[in-house]
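Structural description and commentary
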Amino acid sequence: MRAAIAIAETNPRLRVAVVSKVYPMRSHTVSAEGGAAGVIAADDSLDEHAYDTISGGDWLCDQDAVDEFVKEAPQELLRLEHWGCPWSRTPEGRIAVRAFGGMQKKRTWFAADKTGFHMLHTLFQTSLKYTSVVRYDEWFVTKLLVDDGRVQGVVAIELMSGKIQPILAKAVILCTGGCGRVFPFTTNASIKTGDGMALAYAAGAPLKDMEFIQYHPTGLPFTGILITEAARAEGGWLLNKDGYRYLQDYNLGTPEPEPVLRSMELGPRDRLSQAFVKEVEKGRAIDGPYGAVVHLDLRHLGRQVIDAKIPFVRELCQKYQNIDPVKELIPVRPVIHYVMGGVHTDIDGATPLAGLYAAGEVACVSINGANRLGSNSLPELLVFGARAGRAAAEYASTQTDPNSSLLAQAEDERRRLERDFLHKTDGAERLATIRTEMQETMEQGAGIYRSGEGLTRAADRLRELQERFRNVAMQDSSRTFNTELTAVLELSFMLDVAESIVHCALRREESRGAHQRTDFTGRDDERFLAHSLNYRNSDGSSRVEYLPVTITRWLPGERVYGR
Amino acid sequence: MDDRITLRLARYRPEEEAEPTFEEYEVPCRKDWVVLDGLNYIKDQLDGTLSFRWSCRMGICGSCGMTVNGEPKLTCETFLTDYAPGPVRIEPLQNFPVIRDLIVEMTDFMQKLTTIKPWIVRDEERPLAEGEYRQTPDEMSEYMQYSMCINCMLCYAACPVYSLDPKFIGPAAIALAQRYNLDSRDEGSGERLDILSQHEGIWACTFVGECTEVCPKDVDPAGAIQRYKLDAALTSLKSFLLPWGAR
Amino acid sequence: MVKRTLTLEPLLWLLFSAGGVVAALVIPVLLLLFGLAFPLGWLSPPSHAHMLAVLGHPLSRVTIFVSCTLLLFHWAHRFRYTLYDGLQIKHLNELIVLLCYGGVLVGSIAAGYLVWQLP
Amino acid sequence: MSERPTYTPFHPRWYRPPVSTWWWLKRPSSRAFILRELSSIFVAWFVVFFLLLVAAVGRGEAAYQEFLRWATNPGSVLINLVSLLFVVFHAVTWFNLAPRAMVVHIRGKRVPGKLIAASNYGAWVVTSILVAWIILAGSR
Ligand SMILES: Cc1cc2nc3c(=O)[nH]c(=O)nc-3n(C[C@H](O)[C@H](O)[C@H](O)COP(=O)(O)OP(=O)(O)OC[C@H]3O[C@@H](n4cnc5c(N)ncnc54)[C@H](O)[C@@H]3O)c2cc1C
Ligand code: SF4
Ligand code: F3S
Ligand code: FES
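The written sequence of each chain sets the order in which its residues are numbered from 1. Naming scheme: in the order in which they are written, chains are lettered from A and ligands are numbered from 1. Where local features are concerned, this predicted model is filtered to residues with pLDDT of at least 70; where side-chain atom pairs are given and counted, the filter is 80 or more; whole-chain, interface and lining totals use all residues. Excluded from the side-chain calculations are hydrogens and water; all other atoms, namely the structure's heavy atoms, are used.

Notes on the overall build of chain B
The helix and strand tally for chain B stands at nine helices and seven strands. Counting only C-alpha atoms, chain B reaches 70 × 40 × 30 Å along its principal axes. The burial tally for chain B puts 67% of its 247 residues in the buried class. Contacts were defined at the residue level, with two residues in contact if any of their heavy atoms lie within 4.5 Å. Across chain B, every contact between residues at least 6 apart in sequence was considered, and the portion connecting residues at least 24 apart equals 64%. For chain B, the computed accessible surface area is about 8700 Å², with 49% contributed by carbon and sulfur atoms. Only four residue types enter the charge count, namely Lys and Arg as positive and Asp and Glu as negative; His and the chain termini do not. Here the site of a charge means atom NZ of a Lys, CZ of an Arg, CG of an Asp or CD of a Glu. If the 26 positive side-chain charges of chain B are averaged to one point and the 40 negative ones to another, these points end up 2 Å apart. Secondary structure elements are defined from DSSP: runs of H or I of at least 4 residues count as helices, runs of E of at least 2 residues count as strands, and each element is numbered from the N terminus. Each residue's exposure class comes from its accessible area (1.4 Å probe, protein chains only) as a fraction of the maximum for that residue type: buried when under 20%, exposed when over 50%, partly exposed otherwise. A 1.4 Å probe and the Shrake-Rupley method give the accessible areas. Residues count as covered only by the protein chains that appear here.

What about the domain arrangement of chain B?
Residue and element names in this part refer to chain B. Either an automatic procedure or a domain database provided the assignment from which the domain bounds are taken. Once the domains are mapped, chain B shows domain 1 (4-104) and domain 2 (107-241). A straight line from the C-alpha centre of domain 1 to that of domain 2 covers 30 Å. Note: buried area is the sum, over both parts, of the accessible area (probe 1.4 Å) each one loses when the two are combined. Of the roughly 1000 Å² buried where domain 1 meets domain 2, counting both sides, 65% is carbon and sulfur surface. On the domain 1 side of the interface with domain 2, the three residues burying the most area are Pro72, Asn95 and Phe96, jointly 48% of the side's total. Whenever two N or O atoms come within 3.5 Å, that pair is a polar contact, provided that in protein one can donate a hydrogen and the other can accept it, and provided that, for residues adjacent in sequence, both atoms are side-chain atoms. Along the contact surface separating domain 1 from domain 2 lie four residue pairs in polar contact (both at pLDDT 80 or more).

What about the nonpolar core?
We define a nonpolar core as any set of buried Ala, Val, Leu, Ile, Met, Phe, Trp, Tyr and Cys residues linked to one another through side-chain atoms lying within 4.5 Å. Ranked by internal contacts, the top residues of the largest apolar core, which has 210 residues, are Leu7(B) and Leu39(B). For this core, the element with the most residues is helix H14 (residues 483-507) of chain A, which contributes 14 residues. Here Leu7(B) is in contact with Glu23(B), Glu24(B), Tyr25(B), Val27(B), Gly38(B), Leu39(B), Ile42(B), Leu80(B), Val88(B) and Ile90(B), once residues within four sequence places are set aside. Listed in part, the 54 residues of the second largest apolar core include Ile27(C), Leu53(D), Val57(D) and Val87(D).

Looking at the sheet that holds strand E1 (residues 3-11) of chain B
All names here are of chain B. Being paired, for any two strands, means DSSP has found at least two bridges between them. Reading across from one edge, E2-E1-E5-E3-E4 is the order of the five strands in this open sheet, with mixed pairing throughout. What marks the edges here is a single partner per strand, and that holds for strand E2 (21-29) and strand E4 (71-74). The mean inter-strand angle of the sheet, taken between neighbouring strand axes irrespective of direction, is 35°. Two strands pair when backbone bridges link them, and E1 and E2 are joined in this way by nine bridges, in the antiparallel orientation. Across the sheet, the residue bridging to Arg8 is Glu24, located in E2. Contacting E1, E2, strand E3 (65-68) and strand E5 (88-91), helix H1 (residues 35-46) runs over the sheet at an angle of about 100° to E2. The convention used is that axes are lines fitted to C-alpha atoms, helices contributing only their stretch in contact, and that angles between N-to-C directions extend from 0 to 180 degrees.

A word on the interface of chain B and chain A
Taken residue by residue, the interface counts 68 residues in chain B and 66 residues in chain A. With both sides pooled, the region where chain B packs onto chain A buries about 5600 Å², and carbon together with sulfur makes up 53% of that total. On the chain B side of the interface with chain A, the three residues burying the most area are Arg57(B), Met58(B) and Leu128(B), jointly 13% of the side's total. Any carboxyl oxygen of Asp or Glu within 4 Å of a side-chain nitrogen of Lys or Arg constitutes a salt bridge here. The interface formed by chain B and chain A includes seven salt bridges. The salt bridge partner of Arg435(A) is Asp44(B), with a shortest N-O separation of 3.0 Å.

With respect to the sheet that holds strand E10 (residues 207-208) of chain A
Residue and element names in this part refer to chain A. Read from one edge of the open sheet, five strands run E18-E16-E10-E21-E22, paired in mixed fashion. Lying at the two open borders of the sheet, with one neighbouring strand each, are strand E18 (363-364) and strand E22 (542-548). Where E10 and strand E16 (residues 342-344) come together, two bridges link them in antiparallel fashion. Within E16, the position partnered with Leu207 by the bridge is Val343.

A look at the pattern of salt bridges
Scanning the model with the defined rule gives 80 salt bridges over all chains in all. Between Glu81(A) and Arg185(B) there is a salt bridge; the shortest N-O distance is 3.2 Å. Residue Glu81(A) is found in helix H3 (residues 63-82), and its partner Arg185(B) is found in the loop between helix H6 (171-181) and helix H7 (189-196); the two belong to separate chains. For the salt bridge of Asp183(B) with Arg179(B), the shortest nitrogen-to-oxygen distance reads 3.1 Å. Taking relative accessible area as the criterion, Asp183(B) reaches 2% and is therefore assigned buried. Three or more residues are tied together by salt bridges with common partners; here these are Asp58(A), Asp209(A), Glu211(A), Arg508(A), Glu510(A), Arg512(A), Arg523(A) and Asp525(A).

Focus on the packing of aromatic side chains
For Phe, Tyr and Trp, rings pair up if their centres lie within 6.5 Å, where Trp contributes its six-membered ring, and each pair is then called stacked (planes under 30 degrees apart), edge-to-face (over 60) or tilted (otherwise). In the structure shown here, the tally under the stated rule is 29 aromatic pairs over all chains. With a centroid separation of 6.4 Å and an interplanar angle of 45°, the aromatic rings of Phe96(B) and Tyr156(B) are classed as tilted. Highlighted residues: Phe96(B) in the loop between E5 and strand E6 (98-100) and Tyr156(B) in helix H4 (residues 154-158), separated in sequence by 60 residues. A ring pair is formed by Phe34(C) and Phe38(C), whose centres lie 5.1 Å apart and whose planes are at 85°; its orientation type is edge-to-face. What links up through ring pairs into an aromatic cluster is the set Phe96(B), Phe109(B), Tyr156(B) and Tyr162(B). Arg179(B) extends its terminal NZ or CZ atom over the ring of Tyr180(B), reaching a point 3.9 Å from the ring centre. Only lysine NZ and arginine CZ atoms are considered, and such an atom sits over a ring when it is within 6 Å of the ring centre and within 35 degrees of the ring normal.

Overview of the site of ligand 2
If even one non-hydrogen atom of a residue comes within 4 Å of a molecule or strand, that residue is called near it. What surrounds ligand 2 is the set Cys149(B), Ile150(B), Asn151(B), Cys152(B), Met153(B), Leu154(B), Cys155(B), Ala172(B), Cys215(B), Pro216(B), Val219(B) and Pro221(B). All amino acids are sorted into three groups, where Ala, Val, Leu, Ile, Met, Phe, Trp, Tyr, Cys and Pro are nonpolar, Asp, Glu, Lys and Arg are charged, and the leftover types, Gly among them, are polar. In terms of residue class, the shell around ligand 2 is built from eleven nonpolar, one polar and no charged.

Some details on the environment of Leu353(A)
Residues and elements named next belong to chain A. Locating Leu353 in the fold gives a position in the loop between E16 and strand E17 (356-358). On the basis of relative accessible area, Leu353 is assigned to the buried category, the value being 15%. Between the C-alpha atoms of Leu353 and Thr480, which are 127 residues apart in sequence, the distance is 34 Å. If sequence neighbours within four positions are ignored, Leu353 has contacts with Val151, Ala203 and Ala205.

Focus: the arrangement of the chains
A comparison of contact numbers over the five pairs of chains in contact places chains A and B at the top. There is no contact between chain A and chain C; across them, the least C-alpha separation is 18 Å.

Brief notes about the site of ligand 3
Residue and element names in this part refer to chain B. Close contacts around ligand 3 come from 13 residues, with Cys159, Val161, Cys205, Gly209 and Cys211 the closest. Those elements giving two or more residues to the shell around ligand 3 turn out to be helix H8 (210-214) and helix H9 (221-241). Along the lines of polarity and charge, the residues of the shell around ligand 3 split into ten nonpolar, two polar and one charged.

Side note on the side chain of Arg232(A)
Residue and element names in this part refer to chain A. In this fold, Arg232 is placed in helix H6 (residues 230-233). From its side chain, Arg232 meets the backbone oxygen of Glu265 in a polar contact 3.1 Å long. Arg232 has contacts with His216, Pro217, Thr218, Leu238, Pro259, Glu265, Leu266, Leu272 and Leu296, leaving out every residue within four places of it along the chain.

Description of unusual backbone geometry
With omega at 0°, the peptide bond leading from Ala84(B) into Pro85(B) counts as cis. The phi angle at Asn251(A) is positive, at roughly 60°, despite the residue not being glycine. On the secondary structure map, Asn251(A) appears in the loop between strand E12 (237-239) and helix H7 (269-281). Classification of Asn251(A) by relative accessible area gives partly exposed; the value is 48%. The backbone phi angle of Ser366(A) is positive, close to 80°, even though this residue is not glycine. Turning to its location among the elements, Ser366(A) is positioned in the loop between E18 and helix H10 (377-397).

Let's talk about H1(B)
Take the residue count of a helix, subtract one, and multiply by 1.5 Å to get its expected span. In a regular helix each residue adds 1.5 Å, so twelve residues correspond to 16 Å; H1(B) covers 15 Å between its end C-alpha atoms and thus fits that length. Along H1(B), the positions that sit buried rather than exposed are Val35(B), Leu36(B), Gly38(B), Leu39(B), Asn40(B), Ile42(B) and Lys43(B).

What about the confidence of the model for chain D?
Every residue gets a pLDDT, meaning the predictor's confidence in that residue, from 0 to 100. Of all residues in chain D, 74% attain a pLDDT of 70 or more, and the chain-wide mean is 75. Scored below 50 in pLDDT, residues 1-11 of chain D makes 23 contacts in the model with residues more than four places away or belonging to other chains.

So, empty space enclosed by the protein
All names here are of chain B. Site definitions follow a grid-based scheme: protein atoms alone, a 1 Å grid, a 1.4 Å probe that fits but cannot get out for cavities, and for pockets an open set with protein on both sides within 12 Å along at least five of seven lines, plus lining residues having an atom within 4 Å of a point. Grid points are joined across faces, edges and corners, and a volume is the space filled by probe spheres set on the points. Scanning the entire structure with this criterion turns up eleven cavities of 30 Å³ or more. The space that makes up the largest cavity amounts to roughly 130 Å³. Residue lining of the largest cavity: 14 residues in total, with Arg53, Ser63, Gly65, Leu93 and Val104 positioned closest to the centre. Put simply, the parts of the chain that give the lining of the largest cavity at least two residues each are E3 and strand E7 (103-104). Along the lines of polarity and charge, the residues of the lining of the largest cavity split into nine nonpolar, three polar and two charged.

Here is the structure:
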């Protein structure tokens, strides 16, 4: 959405098509709770934000990108304020900021604990103002059209009617979000199936740093609903079975009654999730009906703080877990939350493939490195969405109209979809079974801790699942809102993305940020201070290359928290 | 733990039938399963052709609204056990055309939403360099409630006026107009009033109050509309009495 | 500047609301007294002279006239929408409007005449 | 100018369920709504009844006594009883809903809805007592 507005503002004569498989205000950004980071407080500085981001990302961030990011983030957040976003305020009416995991200063802008919701609705509603933005709501993109070495449009299914149609364009920006759904237990919505990554990969653009998958330390068991980091920022504690704040055993500082920045519960997400696994191994977690959990304790905050600062947390607990955090402990466990990697782009959102841009979670500009800090993702969407929009607008203004040979390509794609899925009568594999097996494979092989052996096994299983996918059975041949068709396409995207994750993880023989190998426990800056780039070869196999990290000011150091 | 419950689902396959029919499925009824889990179980295990919308399954994206035993509900926060021993009747949202099975057509709302100008209208935009607009928490609380709308359409499904007259702009759109009207940063209330004071706008609402009843986010559209009526009536009274006055 | 479309709807709604307030505030007690308490002998009714004095006071005359008119507006507005919604007969709009607001007119004139002729 | 964002012009066969005339019987809350709307009829009846009273008073002692006698017939008592119930229902819903339409600020602070409703009820009691007192002052 941010990109679309940027284009409309840069060049009102360009026509913008916003294609989304759900109504835009249903996109997953709507779920983001905690907040968006941008330097505004008087005692804060851009350098500190940059440093936190880089060290949080275990020095895998491109520092030029981070610099640009921290500089533009407050601007973008402010622009959103001018568009009406209801940021929470101080009593004097200025923007209020809160603490967030891994940040040394309070710099996270928030709109109670529905930040993403308010941001998305503000963006969406503001975009209605621009007449040059044409929306294709509930259109599902199945393929990028590439001709002459540049991307010139997409093929999409209009879900309501089942029409399969090309949408030609001088430039395409992917903003399709993450791929949490390749794992069984995730905070991500059902729409986050890595479509954009798979589309770009299939079209020949490389995927970057796919092995870095973030677990969020506090998800509700079973549903995977996220309890925002803000709950800890406001002073929540993590307790094990003995009611002990176990994080103090993992080099994360000493317990204080008040929350201390970059310490204990406000440490970075990768460390907290890893501590959980160790705690389970020591047998100090609590057994629940859906596996081991620890407790999040908010009781000491009192009803007033909870209702004023994190009302949504209370609402979610009451609605989905039948628990009132004012009086009770909340069972939580780590849950797949975010993918740091994505389509490789430069600082303007451009991919190596001409005409293709990407922004948001689907992209990897590389500001998140090996571990994203909470509340950096929302401003990332804004900053790089806007940049990609501007860059794409400029590019598009210089291009000629898409050539007609693309129509033949689109026609092929339509035939493929009809032959392989819509009119398919044979096939024996159940769609849901393959999906479940893929998710289990990923959790076992590419979870919080990984090993070469486990990853190899996972890679084999995925290969096998790809084979079985060919034999999937289709029951629904209707054209009208065929959700089985979208589910099967999403599964095919997810299988590709899953393979990419496993391949990259297998190659990276070190432990860094969210990628922890039991067989290579240390960080290896000699060999792996580099981004992995996963390409698809013309024969369909995949190849991983490495690209050095851009380092401008901060040399890699040790990540220290709690001191 | 593994009790079972029967779901009676409205099915509509536009290519084959002229009217919806009902089909029954039996699904596990677990303590922490919501209606949506039941539907997904059917789609994954029993019948892949069943179509419905969902996404976040945490009550924030607004896509999973359906009619459960006659009441409009978000199915991701409606527990199966509350309906035990069943059967549970699940239909698409009322008052909308049905596209297929449990999916309704809602472009009507999307168009209405655009007409009420749900964005900040300023005579003069403030440059970014001048920083934020000041807005105290009290000023903010004026409109906050109305900004919580997730566009789930439950209120439209519940509103009798909308069912009788689809031209009625409807609760959520009016509440959103109010959200911007009451925002101290906005200067567009005059423009919006012209749209909303048409007959299909606020005056068509008879304050049934159902919309507020069913709203999962406590937006209170009924209150918003009432408030709007009062403001609008006074404004137009003023301009009636002093036609040459302001504007 | 945009010209404000002038409709009667806001005015009617204000009259309806005012009538609603009057209805809520005074009808219950009056009905209780004249409709039930006096006829059923719970209380003894006031003398004619007193009633004449109460009703004949210039202030009461105005109040009664205004109240009756507002009440009728309240009725007309609600009844009109009840007919629209309950019976789905919006297409008879003209007839309904005639019936409702005609009723208001007749009723107000009657009320005006009656308070006027009070000795 | 380019056209407004348009939606797909393609219309598959949609199904629009008909609305029954008796929709308001289906749900308890809509039944309550219809009852509230119907109270308006009784408001109208009250106006008629009250004007009859005024007319009777205007025509003199005899007519007034005649009116009082007429009011004791069971039909009129019944109508008045029903009317009373409806109007009280109207009053209660009206007062409860009022705070939603009226937002009152006193010194920049928003007055809580409960307080507004309470003051409405207060006003109700006061007017009722006042009216009753004026009328009953003359009863023997
Ligand atoms: C529960 C939760 C809480 C979070 N909290 C925070 C937080 O506090 N702070 C923070 O900074 N970050 C947070 N995040 C992360 C952040 O919300 C996400 O990274 C971000 O919203 C991703 O946005 P996006 O625009 O890239 O993608 P999305 O918002 O997911 O949008 C993707 C869009 O692409 C469309 N699309 C996808 N595939 C296709 C296709 N094949 N065809 C057509 N359209 C398609 C979708 O319909 C959708 O509109 C949170 C995430 C979650 C899950
Ligand atoms: S007002 Fe409430 S019921 Fe209506 S769409 Fe918004 S959230 Fe849903
Ligand atoms: S239900 Fe409908 S009539 Fe008005 S109060 Fe709500 S919009
Ligand atoms: S699935 Fe998002 S609101 Fe229910």
